[in-house]
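So you can see what is in the structure, the chains are spelled out below.
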Amino acid sequence: MGGTIFTGREISSEGHVLDASKYLVVKLSGKVQGDVAVQPGQWWRVSGAAAIRTVVLDAHSIQEVQLEATWAEMQLPSGEHIVDFLATNPDFKGIGRVKARRLWEGLGPSLYEALDSGDLDQLGRHLAPELAAPLVEAWKVLGKSRVLQWLQSKGFDPL
């Protein structure tokens, strides 16, 4: 059945960390996670039962929130988040912060359509052609994730 345990920070909808002294440990069962791979840089919306414990490290107190997710949804990156997501996710080889920002500034929200449709001509206007094709292939994982999220939101079991 599988699943994933990951750590993160609680953030606002703009991506600002709400409390730097608190971090989350999230446990996703395979059923809740579905086919969506958890990767660095993703933003997830989760809910479930939480237990809080305080950890003291070198005289600093940190709150750890352990959450057993009963519902989870990966959020589609946008704005500064898409720049950070493309630049830091290891699946997007060769795409650093400068190239990711160039894509977002050149295409804006139409970047998603170009990635979803595999429009190498459109992407190639802002990125070297040899980087565009691997970027589209890596992005396909997210497209599948969005379909699964939509099905889950309509009450379909992801399994």
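Since this is a predicted model, take the numbers as computed values, not measurements.

*Asks:* Got a minute to help me understand helix H4 (residues 110–117) in this structure?
*Replies:* Residues that lie three or four places apart on an α-helix share one face, since the helix turns once every 3.6 residues. Within the sequence span of H4, burial applies to Leu111, Tyr112, Ala114 and Leu115. One face of H4 carries all of its buried residues, which in axial projection span an arc of 165°. For H4, exposure combined with an orientation more than 90 degrees from the buried face picks out Glu113 and Ser117.

*Asks:* What should I look at first to understand helix H3 (residues 97–107) in this one?
*Replies:* Within H3 the residues assigned to the buried category are Ala100, Leu103, Trp104 and Leu107. With its buried residues spanning 95° around the axis, H3 presents them on a single face. With respect to the buried face of H3, the exposed residues turned more than 90 degrees away are Val98 and Glu105. Positioned one or two residues after H3, Gly108 has a phi angle of 55°, which is positive.

Conventions we followed
Residues numbered from 1 in each chain as written. Predicted model: local features only at pLDDT ≥ 70, side-chain atom pairs only at ≥ 80, totals over all residues. Heavy atoms only, no water. Buried < 20%, exposed > 50% of the residue type's maximum accessible area, 1.4 Å probe, protein only. Helix = DSSP H or I, 4+ residues; strand = E, 2+ residues; numbered from the N terminus. Arc of directions from axis to C-beta.

Honestly, it's all geometry; don't read function into it.
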